[in-house]
Amino acid sequence: MKKKVLVLLVLAALVIAPAAAADTRGASDKGDWGVGLNLGTNTGVAIKYGYGDFDIFGTVGFDFLNLKTDPFRFSIGADVGLSYQVYDIDLGGKHHMPVTVGLMFPMGFIIMDNGFDFDLGVVAQAGLEYQIPDVPLSFYLRVGVGPGFTFGTSGFEMYCAWTAGLGMLFVF
């Protein structure tokens, strides 16, 4: 059920996004900060700092991939990443949508009945970004996949890590 809701949100954003794209150069203007909400594998607070075509971003929140009840597992997620604009979809007028690629390092701090685990992923990610003209709201969609590692009470494990996030930022 959660996956269906996430897929519907992503599809809705992709349909609505072109009409709300912004007239800026690059994924973010140099020196712009963004603070907002990220919905996805790590749902919580999102931040971003723009360097023009290059951005640094992060999120802190609940890591829903590791939430389990039997045995109990609760996880706080923290992601940091870098993205670079590789293409700009020009939709005419003031509307465009930067396409970005980059690296993301998703981390999970997992609390269990019998101990603690730490997950770390190295994920190649791609995304779309857009901003409503003359309004300080920016929207993004990011997805990625790569190797992941678990350290802690459960021992060492290697797995396929993936991330997905849909977010909205207030840009200042």
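Trainee: What's the story with the packing of aromatic side chains in this structure? I'm lost.
Mentor: Centre distance and the angle of the planes are the two values used to describe a pair of aromatic rings. Applying the stated criterion across every chain yields a total of ten aromatic pairs. Where Tyr-130 meets Phe-139, the ring centres are 6.0 Å apart and the plane angle is 20°; that geometry is what we call stacked. Taking relative accessible area as the criterion, Tyr-130 reaches 5% and is therefore assigned buried. Pairwise contacts between aromatic rings join Phe-109, Phe-118, Phe-149, Phe-151 and Phe-156 into one cluster. Lying over the aromatic face of Phe-57, Arg-142 brings its terminal NZ or CZ to 3.7 Å of the ring centre. Directly above the aromatic system of Tyr-140 lies the positively charged group of Arg-142, at a separation of 4.1 Å from the ring centroid.

Trainee: Explain a nonpolar patch on the surface to me, please; I cannot follow it from the model alone.
Mentor: Side chains of Val-60, Phe-62, Phe-64, Leu-67, Phe-72, Ile-76, Phe-109, Ile-111 and Phe-116 sit close together on the surface and give an oily, nonpolar patch of about 770 Å² of accessible area. You can see Phe-62 is positioned in strand β3 (residues 54-63). Judged by relative accessible area, which is 44%, Phe-62 ranks as partly exposed.

Cut-offs and rules
- Residues numbered from 1 in each chain as written.
- Predicted model: local features only at pLDDT ≥ 70, side-chain atom pairs only at ≥ 80, totals over all residues.
- Heavy atoms only, no water.
- Phe/Tyr/Trp six-rings, centres within 6.5 Å; stacked < 30°, edge-to-face > 60°.
- Buried < 20%, exposed > 50% of the residue type's maximum accessible area, 1.4 Å probe, protein only.
- Lys NZ or Arg CZ within 6 Å of the ring centre and 35° of its normal.
- Patch = residues over 30% accessible without salt bridge, like charges linked within 9 Å, V, L, I, M, F, W, Y side chains within 5 Å.
- Areas by Shrake-Rupley, 256 points an atom, 1.4 Å probe, with all protein chains shown as cover.
- Salt bridge = Lys/Arg side-chain N within 4 Å of Asp/Glu carboxyl O.
- Helix = DSSP H or I, 4+ residues; strand = E, 2+ residues; numbered from the N terminus.

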